[in-house]
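Here's the letter readout for the chains.
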Amino acid sequence: MIQKTPAEIVLIKKACEITRNALVYAKTLVKEGISTFDIDKSLEKFIIDSGGSPACLGYEGYPAATCISVNEMVVHGIPSKDIILKKGDIVSIDIVVAYKGYHGDATRTYAVGEVVAEKAKLMRVTKECFFKGIENLRIGDRIGKLSHAIQTHAESNGFTVVRELCGHGIGRRMHEAPSVLNFGKETDGAVIVENAVLAIEPMINAGKKEIAMLSDGWGIITRDRKPSAHYENTVLFTKSGLEILTLEADDEFANR
Ligand code: MF3
Ligand code: CO
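These lines cover the structure that appears in this document, whether it is placed above or below. Computed from a predicted structure; not experimentally measured.

With respect to the coordination of the cobalt ion (ligand 2)
Argument step 1. For the cobalt ion (ligand 2), the full set of protein donor atoms is Asp105 (OD), His168 (NE2), Glu201 (OE) and Glu232 (OE), at a range of 2.1 to 2.3 Å.
Argument step 2. Site description for the cobalt ion (ligand 2): donor spacing in sequence, D-x62-H-x32-E-x30-E. Here the residue Asp105 occupies a position in strand 5 (residues 102-111), and Glu232 occupies one in the loop between strand 13 (228-230) and strand 14 (233-238), the gap between them amounting to 127 residues. The same class applies to Asp105 as to Glu232, namely buried.

Laid out in structure tokens, this is it:
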């Protein structure tokens, strides 16, 4: 696990600030009738105008600025003119911003108008999984404490945890050690060190945990086509506790 220097943390915080602002803006774009392509283009401009760059674009050949995943799409949905949001959809927008060589990574799942009760619960529980995971999490703990708490909360609500994808360290690179699994034993995983920065990102399915990849080589969907939700923040661990670098100032969990 990489310990960041104070100078690196300044740059990561700036990348995270742009990421957070982009998600706040994204929320205003999510409306019936808009295509995920148009959302992506607006977000790309917003990120660049903010002084950052969209790190997903060109990452291992990924063709867009953001990942936008609707309903049964778990992650890595390629924005498309053919994907038009409709009332009752849930849409996950995953944004990675690079700023002077450092990264911030966050995701929110938004509802388009009113959604069925199962989707509303899935969105709520997925966000709660993140906050249950980081509860009392501190330097010296194993990542497994977080992983176990996320799995327990998801499964006790009748949902399942995607196994093949996970969170990660982040900094100079979008993906750094360690892997931050969303399931497992409390005694598993790396020990969290001071000034570690981790992207913590539960991906929770309403139905079964199994996934499949679309023929575009990116989009991940649930095998049973039931909905999936995603909630992610970049988090800094210091001696005095943890700081959620991508959390909206007006979030109900801010300053708790
Ligand atoms: N935000 C994603 C993650 O946490 C990365 C998207 S993959 C990319 O791993 F190719 F789009 F960059
Ligand atoms: Co991530």
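Quick word on the site of ligand 1
Argument step 1. Within the structure, ligand 1 sits among 14 residues, and Asp94, Asp105, His168, His175 and Glu201 are positioned closest to it.
Argument step 2. Contact between ligand 1 and His175: an oxygen atom at 2.6 Å from a side-chain N or O atom of the residue.
Argument step 3. Contact with the protein chains hides 95% of the accessible area of ligand 1, taken as 330 Å² for the molecule alone.
Argument step 4. Its residues placed into classes, the shell around ligand 1 shows seven nonpolar, three polar and four charged.

As for the side chain of Asn182
Argument step 1. Tracing the chain through its elements places Asn182 in the loop between strand 8 (176-180) and strand 9 (197-200).
Argument step 2. In this structure Asn182 comes out as buried when scored by relative accessible area, which is 0%.
Argument step 3. At a separation of 3.1 Å, a polar atom in the side chain of Asn182 contacts the main-chain carbonyl oxygen of Glu201.
Argument step 4. Contact partners of Asn182, with chain neighbours within four places excluded, come to Ser147, Ile150, Gln151, Val161, Leu165, Cys166, Glu201, Pro202 and Met203.

Overview of the pattern of salt bridges
Argument step 1. For the structure on display, the rule yields 15 salt bridges.
Argument step 2. For Glu32, the salt bridge goes to Lys87, with nearest N and O atoms at 3.7 Å. Of this pair, Glu32 sits in the loop between helix 1 (6-29) and helix 2 (36-49) while Lys87 sits in the loop between strand 3 (73-75) and strand 4 (90-99), placing them 55 residues apart in sequence.
Argument step 3. Ionic pairing is found between Asp49 and Lys45, a salt bridge with its closest N-O pair at 2.6 Å. Highlighted residues: Asp49 and Lys45, both in helix 2, separated by four residues, approximately one helical turn. Across this residue pair, the class does not change: Asp49 and Lys45 are exposed.
Argument step 4. Each member of the salt-bridge network shares a partner with another, and the members are Lys127, Asp251 and Glu252.

Reading the values: rules and limits
- Residues numbered from 1 in each chain as written.
- Chains lettered and ligands numbered in written order.
- Predicted model: local features only at pLDDT ≥ 70, side-chain atom pairs only at ≥ 80, totals over all residues.
- Heavy atoms only, no water.
- Donors = N, O, S within 2.8 Å, 3.2 Å for Na, K, Ca; no water.
- Helix = DSSP H or I, 4+ residues; strand = E, 2+ residues; numbered from the N terminus.
- Buried < 20%, exposed > 50% of the residue type's maximum accessible area, 1.4 Å probe, protein only.
- Near = heavy atom within 4 Å.
- Polar contact = N/O pair within 3.5 Å; in protein donor to acceptor, adjacent residues only side chain to side chain.
- Areas by Shrake-Rupley, 256 points an atom, 1.4 Å probe, with all protein chains shown as cover.
- Nonpolar A, V, L, I, M, F, W, Y, C, P; charged D, E, K, R; others polar.
- Contact = heavy atoms within 4.5 Å.
- Salt bridge = Lys/Arg side-chain N within 4 Å of Asp/Glu carboxyl O.

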